Every structure is written in C-alpha cells, then in structure tokens.
Amino acid sequence: MDTPDPNMPDLLWGAGLIGLVIGLVIYLAVLGLMLWIGYLIIKAAVRNGLRDHTMWLEGRRSPLR
C-alpha cells in the first residue's frame, strides 16, 4: 500500500488547479468587461464630438448663405 505524500495531497492539488482555472476565467472576464465598457465610453465620446463638430460647422456655414 502506497503512503500518500504528506507535502502534496492529491485533493488539495486538484482544488488548487481548479481554483487557478476559475481565477483565470474570472480575471479574463473582468478584463474583457473593462475593455468593452471602455470601448463603449470612447465610442459615445467620439459620436458626441462628431455631432458637436457637425453642429459647429453648420453654424459657421449658415450666416454666410
């Protein structure tokens, strides 16, 4: 009968590996969510900036006509 190694029990090794995988998935999900939210914020800012610039251009052009 084999004596289990007291320094590295198989149960804790499996739990550590599962915890590492779950932690990595959560980390990547949070990173992806942050990038997506940042993309949406930048997209809205660019859209608003283009709208404001278009309104400014139309305001400059209108009195000349």
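Details of the structure are given in the entry above.
Keep in mind the model is a prediction, meaning the values are calculated, not measured. (Residues numbered from 1 in each chain as written. Predicted model: local features only at pLDDT ≥ 70, side-chain atom pairs only at ≥ 80, totals over all residues. Heavy atoms only, no water.)

Draft legend 1. Structural view of the overall build of the protein. Scanning the protein from N- to C-terminus turns up 1 helix and 0 strands. When the 65 residues of the protein are sorted by exposure, 0% land in the buried category. Carbon and sulfur atoms make up 72% of the accessible area of the protein, which totals about 6,400 Å². (Helix = DSSP H or I, 4+ residues; strand = E, 2+ residues; numbered from the N terminus. Buried < 20%, exposed > 50% of the residue type's maximum accessible area, 1.4 Å probe, protein only. Areas by Shrake-Rupley, 256 points an atom, 1.4 Å probe, with all protein chains shown as cover.)

Draft legend 2. Expanded view of a nonpolar patch on the surface. A surface patch of nonpolar side chains, amounting to about 1,000 Å² of accessible area, comprises Ile18, Ile22, Leu24, Ile26, Tyr27, Leu28, Val30, Leu31, Met34 and Leu35. Considering the arrangement of structural elements, one finds Leu24 in helix 1 (residues 10-61). (Patch = residues over 30% accessible without salt bridge, like charges linked within 9 Å, V, L, I, M, F, W, Y side chains within 5 Å. Salt bridge = Lys/Arg side-chain N within 4 Å of Asp/Glu carboxyl O.)

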